[in-house]
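# Summary of structural features
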Amino acid sequence: MSALSDALKAPRHPAGANACKFMQVFNVLDEEDKTNIGESILLIRNDISMGKSKQYSTSWLAKILRSVGHDISVSSVQRHVNKECSCERIIK
Ligand SMILES: [Zn+2]
């Protein structure tokens, strides 16, 4: 097979390519952490209080992820929590 025919057969979007920054971090976590982070996301989505009264926030979660060595910004977490990230776009 030629290089061209190989290239033509390669999928345009390999699996996982559309995962947002948050999911790229999430995907390398172990199962227990995935469960915990999944629950945290729900807590943030369900915490409707504003400003300083917020117990669970995207900056809180980003800080925790950064503290264990993941390079993730608050805005990456925010987009995923708000369902404005690239992984939501494929579902729609
Ligand atoms: Zn996402």
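Please refer to the structure higher up on the page.
Here is a short report on the structure shown in this document. (Residues numbered from 1 in each chain as written. Predicted model: local features only at pLDDT ≥ 70, side-chain atom pairs only at ≥ 80, totals over all residues.)

Formed by F22, V25, F26, I44, L61, A62, L65 and V77, the largest nonpolar core amounts to 8 residues. Counting only elements with at least two residues in this core, the list comes to α2 (21–26) and α4 (58–67). Dropping the residues within four chain positions of it, V77 is found in contact with F22, T58, L61, A62 and I72. (Core = buried A, V, L, I, M, F, W, Y, C linked by C-beta atoms within 7 Å. Buried ≥ 20, exposed ≤ 12 C-beta atoms within 10 Å, placed from the backbone. Helix = DSSP H or I, 4+ residues; strand = E, 2+ residues; numbered from the N terminus. Contact = placed C-beta atoms within 7 Å.)

We now examine the packing of α4 against helix α5 (residues 74–81). The geometry of α4 relative to α5 is characterised by a closest axis approach of 8 Å and an angle of 125° between their N-to-C directions. Judged by the inter-axis angle, α4 sits oblique to α5. In this structure, α4 meets α5 at a crossing whose hand is right-handed. Contacts between α4 and α5 involve T58, S59, L61 and A62 on the former and, on the latter, V74, V77, Q78 and V81. (Axes fitted to C-alpha atoms, helices over the stretch in contact; angles between N-to-C directions. Parallel < 35°, antiparallel > 145°, perpendicular 65-115°, else oblique. Left-handed = near helix turned anticlockwise from the far one by under 90°.)

Relative to the 22 Å expected for 16 residues at 1.5 Å per residue, helix α3 (residues 31–46) spans 23 Å between its end C-alpha atoms, a close match to the ideal helical length. For α3, the tally of buried residues reaches only 1 of 16 residues, placing the bulk of the element at the surface. (Expected span 1.5 Å × (residues − 1).)

With that out of the way, let us pick up the environment of D47. Topologically, D47 is positioned in the loop between α3 and α4. Residue classification places D47 among the partly exposed residues on the basis of 14 C-beta atoms within 10 Å. Sequence-wise, D47 and S57 are 10 residues apart; in three dimensions their C-alpha atoms are separated by 7.8 Å. Other than its neighbours up to four places away in sequence, D47 contacts K54, Q55 and Y56.

It is worth spelling out the environment of S40 at this point. Here S40 is to be found in helix α3. Overall, S40 belongs to the partly exposed group, with 18 C-beta atoms counted inside 10 Å. For the pair S40 and Y56, spaced 16 residues apart in the sequence, the C-alpha separation amounts to 7.7 Å. Apart from the residues lying within four places of it in its own chain, the contact partners of S40 are Y56 and L61.

Now for α5. Buried residues of α5: S76, V77 and H80, and no others. The buried residues of α5 all sit within an arc of 95° when viewed along its axis, so they share a single face. For α5, the elements touching its buried residues are α2 and α4. Looking at the residues trailing α5, positive phi occurs at K83, about 60°. (Arc of directions from axis to C-beta.)

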